[in-house]
Amino acid sequence: MTAPSPDSRVERDVDLATRSTYGLRARAGALVTLRSRRDLEDLETQLRSLALDWRVLGAGSNVILGEGCRNLTLLSLEGDWDSLEVDESGRARLGAGISLPVAARRLSAAGWSGFEWAVGIPGRAGGAAVMNAGGHGADLARVVRRVEVWRDGEVTWWERESLDLRYRHSSLGANDLVLSVEVQLEPGDPDESAARLRDIVRWRREHQPGGRNAGSVFTNPVGDHAARLLEAAGVKGVRRGGAEVSSKHANFILCDPGTDAREVIDLMVFMRERVLEIHGVALTTEHRFLGVEAPW
Ligand SMILES: Cc1cc2nc3c(=O)[nH]c(=O)nc-3n(C[C@H](O)[C@H](O)[C@H](O)COP(=O)(O)OP(=O)(O)OC[C@H]3O[C@@H](n4cnc5c(N)ncnc54)[C@H](O)[C@@H]3O)c2cc1C
């Protein structure tokens, strides 16, 4: 049960089962929901009074939420942060809480091109900045101009050069709260963009499994594909507790309801060891770990 506190922005002992796309069993010590810019005013004091270490949770589509979330405050951006504005030069400002597929569809329909790749990625703009999300030959680094960040009570804009965006990497740290993301788009043809969106969605349906997953578990090593290495290592269908390697895509893990972080991590360790044993390649993971140690 979630116990409401007098401040409606703060909930304590929060069930996290619906807060990650793996649907992992975990609870947060506290969840602070920021709904407007005004909520930043006393955020530092609020976090201090909760006396817990804190992290940010986006759509939870690339995270493993562990038992240790009990000792964390998680921040979530909702309400006004689900915003999108674009000016006549194609400069678009995405609130950190907006869903990437929603932003991709709206921008394409409005005649702006350069964000179509995001239609199949079920994260939010803030998480996309941290992860440098991408696919289909593009990523956020290609279009981002700057990112608005709250750190220690101060809000500043980080220019693209200071973000150090690389393959699934940025210089944003665990206590940097992304508030908005500014991208530069090009004029496009809404019909062409719509066709591109359809192709991407179709490709994903054909190649990726549905169900509770968090996308690719491992990054692709230079010149190869993690999925190919994993498939050749025979990991498809292997199970640890409620976590199973997809039989459709060897780099996806699917979770039953009630699975916990330990089970997913055990399976990840097995997958990685098999690839190391058979191909001599040490894979690295795309996932981020909140409330549990990364396994390597
Ligand atoms: C079916 C599926 C397909 C996917 N395909 C792709 C793909 O093609 N390409 C790709 O790159 N990814 C893919 N992903 C992974 C994921 O969607 C992306 O990494 C996405 O950018 C994560 O965003 P999120 O809001 O879910 O972040 P979360 O998973 O909630 O968080 C990820 C990290 O970002 C931090 N974070 C989140 N929001 C903020 C914020 N506002 N401020 C500061 N830190 C923040 C978290 O603390 C955490 O460290 C896929 C996932 C799924 C489930």
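Keep in mind it's a predicted model, so treat the numbers as computed, not measured.

This paragraph deals with the overall build of the protein. For the protein, the count of helices and strands is seven helices and 19 strands. Taken over C-alpha atoms, the radius of gyration comes to 19 Å for the protein, in line with the 19 Å a tight globule of 296 residues would show. In terms of overall dimensions, the protein has a C-alpha envelope of 50 × 50 × 30 Å along the principal axes. The proportion of buried residues among the 296 residues of the protein is 44%.

Here we take up the site of the ligand. In the region of the ligand, 31 residues are neighbours, and Gly58, Gly123, Gly126, Gly127 and Gly215 sit closest. Secondary-structure elements contributing two or more residues to the shell around the ligand are strand 4 (53-56), helix 3 (125-131), strand 10 (134-135) and strand 14 (177-184). Residue contributions to the shell around the ligand peak at five residues, all from helix 3. In the shell around the ligand, the residues fall into 15 nonpolar, twelve polar and four charged.

Among the eight residues that make up strand 14, six are buried, leaving the element largely enclosed by the rest of the structure. As judged from the five bridges shared by strand 8 (residues 91-95) and strand 14, these two strands associate in the antiparallel manner. Residue pairing for strand 14: Arg93 is matched across the bridge by Glu182. The pairing of strand 12 (residues 144-151) with strand 14 spans six bridges and is antiparallel. Following the sheet pairing, Val149 is matched in strand 14 by Val178.

What follows deals with the sheet that holds strand 17 (residues 243-245). Read from one edge of the open sheet, three strands run 16-17-18, paired in antiparallel fashion. Each having just a single partner strand, strand 16 (239-240) and strand 18 (253-255) make up the two edges of the open sheet. Judged from the three bridges that link them, strand 17 and strand 18 form a sheet pairing that is antiparallel. Directly across from Ala243, in strand 18, lies its bridge partner Cys255. Contacting strand 16, strand 17 and strand 18, helix 7 (residues 261-279) crosses the sheet at an angle of about 30 degrees to strand 17.

Our focus in this paragraph is the pairing of strand 3 (residues 27-34). Among the eight residues in strand 3, six count as buried, and that is most of the element. Bridge analysis of strand 3 against strand 6 (residues 72-77) gives five bridges, and the strand direction is parallel. Looking at strand 6, one finds that Leu31 is bridged to Leu74.

Do not read the predicted coordinates in detail wherever pLDDT is low. Across the protein, the average pLDDT comes to 96, with 97% of residues at 70 or higher. The secondary structure element of the protein with the lowest average pLDDT is strand 1 (residues 3-4), at 44, and the one with the highest is strand 17, at 99. Note that pLDDT drops below 50 for residues 1-5; the model gives that stretch ten contacts with residues more than four away or on any other chain.

A sheet is described by the order of its strands in space; here five strands give the open sequence 7-8-14-12-13, paired in antiparallel fashion. Each having just a single partner strand, strand 7 (84-86) and strand 13 (154-159) make up the two edges of the open sheet. Recorded for the sheet is a direction-independent mean angle of 15 degrees between the axes of neighbouring strands.

Compared with the 26 Å implied by 1.5 Å per residue over 18 residues, the 26 Å span of helix 5 (residues 190-207) between its first and last C-alpha is a close match. Those residues of helix 5 not exposed but buried are Ser193, Leu197 and Ile200. Down the axis of helix 5, the buried set is contained in an arc of 65 degrees. They therefore lie on one face. Pointing more than 90 degrees away from the buried face of helix 5 are the exposed residues Asp191, Glu192, Arg198, Arg202, Arg205 and Glu206. Those residues of helix 5 that are buried lie in contact with helix 2 (100-109) and strand 9 (112-113).

Moving on to the environment of Leu107. Among the structural elements, Leu107 can be located in helix 2. With 26 C-beta atoms counted inside 10 Å, the residue Leu107 sits in the buried group. Each C-alpha atom, one on Leu107 and one on Asp164, is 25 Å from the other, the two residues being 57 residues apart in sequence. If we ignore the near neighbours within four places in the chain, the residues touching Leu107 are Val86, Ala92, Trp112, Phe115 and Leu185.

A few words now on the domain arrangement of the protein. Here the domain parsing of the protein yields domain 1 (3-79), domain 2 (82-206) and domain 3 (209-290). Distance between the C-alpha centres of domain 2 and domain 3: 26 Å.

Conventions used here
Residues numbered from 1 in each chain as written. Predicted model: local features only at pLDDT ≥ 70, side-chain atom pairs only at ≥ 80, totals over all residues. Helix = DSSP H or I, 4+ residues; strand = E, 2+ residues; numbered from the N terminus. Rg over C-alpha atoms; globule rule 2.2 N^0.38 Å. Buried ≥ 20, exposed ≤ 12 C-beta atoms within 10 Å, placed from the backbone. Near = placed C-beta within 6 Å. Nonpolar A, V, L, I, M, F, W, Y, C, P; charged D, E, K, R; others polar. Pairing = 2+ DSSP bridges. Contact = placed C-beta atoms within 7 Å. Axes fitted to C-alpha atoms, helices over the stretch in contact; angles between N-to-C directions. pLDDT = per-residue confidence, 0-100. Expected span 1.5 Å × (residues − 1). Arc of directions from axis to C-beta. Domains from an automatic or database assignment.

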